[in-house]
Amino acid sequence: MRVLVSGGAGYIGSHTVLALIEAGHDVVVVDDFSNSKPTVVARLEALSGRHVPLHAIDLTDVDKTSHLFAVEEIDAVIHFAGFKAVGESVAKPLEYYRNNLDSTFSLVEAMRRHDVHRLVFSSSATVYGDKAPLPFHEDYADLSALSPYGRSKVMIEHVLSDVAAATPGQRTALLRYFNPVGAHPSGDLGEDPQGIPNNLMPFIAQVAVGRRERLSVFGNDYPTDDGTCERDYIHVMDLAAGHVAALEHLDDMAEPARAFNLGTGHGTSVMELFHAFERAVGRELPYEVVGRRPGDLPRMWADATRAREELGWEATRTVDEMCADTWYWQSRNPHGFPDGTRR
């Protein structure tokens, strides 16, 4: 298939582009580089040995999005593009709702206009909110995310499900994934957050490489084995493979839209991940315990049974592999991707 990957220069999108090419698909990338850099595309081309067509446009622009589908022959779409920082979404809710919803509306309208009926959507475990029982299961219906970012994902899931139900032949996979970490084993692709990292792994990596003084552990008095929060960390390469599996399953789906959890099915605590990263680096790293962060759940992890049974997919990489690959990426790229053009 010829697959349009929106947000294809981003962290998860770029790894998925490589996985798609390796699986024999053709890829077209669209990205406005609001949270990524054009040099990522040059690295994708070097790693894959393939030219990766790139359209640097903002998907909220309806006319440019429609034109994109007119000039490129597209069989399917994987939709990553969107603002994604939970904390920033609380401070800027209108910007998050406008960008994440408008870009999706524009994309889906263009798909409908050009008879493209296959869609994989990058959703999130944040849609489960704070009341879903563990492990999180796709059949839980009372989706109630705690942030504007998460609520935008809930809204988009409803929109895409309704559109799929109303469009003959439409098939949409809603991928709810948990905590993506790790990097491509080459060390040439990885997570490069802009500003202060919002997530644990890239923050630890920046401490290890000397960009941050120490890690702040937000609370060690939670009802977990070591008192720190537990999360379902998944290697980005496993996650990318999950997107390929979902794409290739679309035509066999019995219903227009279906949600799939992509996770390992078990939790790893903050301190377990921190010590695993110390093993990867080969030395102790500085940290301090500070007060709890509002809104953090003690535990969250996936029930990944549906993805295993229906997509034939499961996560295989260990926490130590996640940390080793992240450290290889960060040590080779201490300041992330260079600025500049794709060439």
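Every chain's residues receive numbers from 1 upward, in the order its sequence appears when written. At least 70 in pLDDT is required for a residue's local features to be given in this predicted model, at least 80 for side-chain atom pairs to be given and counted, and no such filter applies to totals for whole chains, interfaces and linings, which use all residues. Water and hydrogen atoms play no part in the side-chain values, which are based on all heavy atoms of the structure.

Caption draft 1: Structural context of helix α9 (residues 270-281). A rise of 1.5 Å per residue sets the reference length of α9, with its 12 residues, at 16 Å; its end C-alpha atoms lie 17 Å apart and thus fit the reference within 8%. With a 1.4 Å probe rolled over the protein chains alone, any residue whose accessible area is under 20% of its type maximum counts as buried; one over 50% counts as exposed, and the rest are partly exposed. By definition, any uninterrupted DSSP run of H or I lasting at least four residues is a helix, any uninterrupted run of E lasting at least two residues is a strand, and each is numbered from the N terminus. Within α9, burial applies to Val270, Met271, Leu273, Phe274, Ala276, Phe277, Glu278 and Val281. What makes two residues a contact is simply this: any of their non-hydrogen atoms within 4.5 Å. Those residues of α9 that are buried are in contact with α7 (200-208), β8 (215-218), β10 (233-235), β12 (268-269), β13 (287-290) and α11 (319-332). Phi for Gly282, located one or two positions after α9, is positive at around 90°. Expected span of a helix, by definition, is 1.5 Å for each gap between consecutive residues, and there is one gap fewer than residues.

Caption draft 2: Examining the pairing of strand β2 (residues 26-30) more closely. By the criterion of burial, β2 is predominantly enclosed, with four of the five residues buried. DSSP calls a pair of strands paired once it identifies at least 2 bridges connecting them. Bridge count between strand β1 (residues 2-6) and β2: five bridges; the pairing is parallel. Counterpart to Val5 in the pairing with β2 is Val29. The handedness of the β1 to β2 crossover, carried by helix α1 (residues 11-22), is right-handed. One ladder, built from two bridges, connects β2 with strand β3 (residues 54-55); its direction is parallel. Residue pairing across strands places Val29 opposite Leu54, the latter belonging to β3. Looking down the strands as they point away from the viewer, one classifies a crossover as right-handed if the path from the first strand across the helix to the second runs clockwise. Note on the crossover from β2 through helix α2 (residues 39-48) to β3: the handedness is right-handed.

Caption draft 3: The pattern of salt bridges, seen in detail. One side-chain nitrogen of Lys or Arg within 4 Å of one carboxyl oxygen of Asp or Glu is enough to make a salt bridge. Using the criterion set out here, one finds 18 salt bridges in the structure. Residues Glu72 and Arg2 are paired through a salt bridge, measuring 2.5 Å at the closest nitrogen-oxygen approach. Taken together, the residues Glu72 in the loop between α3 (62-71) and β4 (76-79) and Arg2 in strand β1 connect sequence positions 70 residues apart. Given a relative accessible area of 13%, Glu72 falls into the buried group. One salt bridge in this structure joins Asp339 and Lys37, with 3.4 Å as the shortest N-O distance. One end of the pair, Asp339, is in the segment after α11; the other, Lys37, is in the loop between β2 and α2, with 302 residues separating them in the sequence. What makes Asp339 exposed here is its relative accessible area of 66%. When its relative accessible area of 13% is taken as the criterion, Lys37 is described as buried. If you follow the salt bridges from partner to partner, you end up with Lys37, Asp192 and Asp339 in one network.

Caption draft 4: Just the UniProt feature "domain: NAD-dependent epimerase/dehydratase" (unreviewed entry) in the protein, in detail. Within this structure's numbering, the places UniProt gives as "domain: NAD-dependent epimerase/dehydratase" (unreviewed entry) are residues 3-263. Along residues 3-263, the helical share is 39% and the strand share 17%, with 24 Å between the first and last C-alpha atoms. UniProt positions are given in the numbering used here, feature names are shortened, and annotations may be inferred rather than shown by experiment.

Caption draft 5: Looking closely at the packing of α7 against α9. Axes, fitted as lines to C-alpha atoms, cover a helix only where it is in contact. Angles between the N-to-C directions of the axes lie from 0 to 180 degrees. Axis separation between α7 and α9 bottoms out at 11 Å; the angle between their running directions is 40°. The element α7 and its partner α9 pack so that their crossing is right-handed. For the pair formed by α7 and α9, the contact residues are Leu200, Met201, Ile204, Ala205 and Ala208 on the first element and Val270, Leu273, Phe274, Phe277 and Val281 on the second. Gly is put with the polar residues, along with every residue not named as nonpolar or charged; the nonpolar set is Ala, Val, Leu, Ile, Met, Phe, Trp, Tyr, Cys and Pro, and the charged set is Asp, Glu, Lys and Arg. Grouping the constituent residues of the contact of α7 with α9 by class yields 10 nonpolar, no polar and no charged. Take the far helix as your reference; a near helix turned counterclockwise from it by less than a right angle gives a left-handed crossing, and one turned clockwise gives a right-handed crossing.

Caption draft 6: Quick look at the nonpolar core. In this structure, Leu20, Val120, Leu175 and Leu262 are the most contacted members of the largest nonpolar core, which totals 44 residues. If sequence neighbours within four positions are ignored, Leu20 has contacts with Val3, Val5, His25, Val27, Ile78, Val244 and Leu247. We call a set of buried Ala, Val, Leu, Ile, Met, Phe, Trp, Tyr and Cys residues a nonpolar core when their side-chain atoms join them within 4.5 Å.

Caption draft 7: Unusual backbone geometry, seen in detail. Note that the residue after Leu134, namely Pro135, is joined by a cis bond; omega there is -10°. Following the sequence through the fold, Pro135 ends up in the loop between β5 (118-122) and α6 (148-166). Phi at Asp115 takes a positive value of approximately 55°, unusual for a residue other than glycine. Structurally, Asp115 can be placed in the loop between α5 (93-113) and β5. The exposure class of Asp115 is exposed, given its relative accessible area of 58%.

Caption draft 8: Region of the structure containing the sheet that holds strand β11 (residues 257-262). Judged by pairing direction, the sheet is parallel, and its seven strands sit side by side in the order β3-β2-β1-β4-β5-β6-β11 without closing on themselves. Edge strands, defined here as strands with exactly one partner in the open sheet, are β3 and β11. In the packing of α5 onto the sheet, contacts are made with β1, β4 and β5, and the angle to β4 comes to roughly 175°.

Caption draft 9: Focus on the packing of aromatic side chains. Two rings belonging to Phe, Tyr or Trp (six-membered ring only in the last case) form a pair when the distance between their centres is within 6.5 Å. Interplanar angles under 30 degrees mark stacking, angles over 60 mark edge-to-face geometry, and anything in between is tilted. Taken as a whole, this structure holds six aromatic pairs when the rule is applied. Pairing Phe136 with Phe178 gives two aromatic rings, centres 6.1 Å apart and planes at 40°, and the pair type is tilted. In this pair, Phe136 is assigned in the loop between β5 and α6 and Phe178 in the loop between β6 (171-177) and β7 (179-181), connecting sequence segments 42 residues apart. Look at NZ for Lys and CZ for Arg. If either is within 6 Å of the ring centre and within 35 degrees of the ring normal, a charge sits over the ring. The ring of Tyr222 carries the charged tip of Arg292 above its face, separated from the ring centre by 3.9 Å.

Caption draft 10: Inspection of the layout of surface pockets at higher detail. Volume-wise, the second largest pocket comes out at about 240 Å³. Both cavities and pockets are sets of points on a 1 Å grid over the protein atoms alone; in a cavity a 1.4 Å probe fits but cannot get out, in a pocket the set is open with protein on both sides within 12 Å along at least five of seven lines, and lining residues sit with an atom within 4 Å of a point. Lining the second largest pocket are 16 residues; nearest its centre among them are Glu138, Glu157, Leu174, Arg176 and Ala259. Those elements that provide at least two residues to the lining of the second largest pocket are α6, β6 and β11. Ranked by the residues each element gives to the lining of the second largest pocket, the list is headed by α6, at four residues. Of the residues in the lining of the second largest pocket, the class split is seven nonpolar, two polar and seven charged. Grid points are joined across faces, edges and corners, and a volume is the space filled by probe spheres set on the points.

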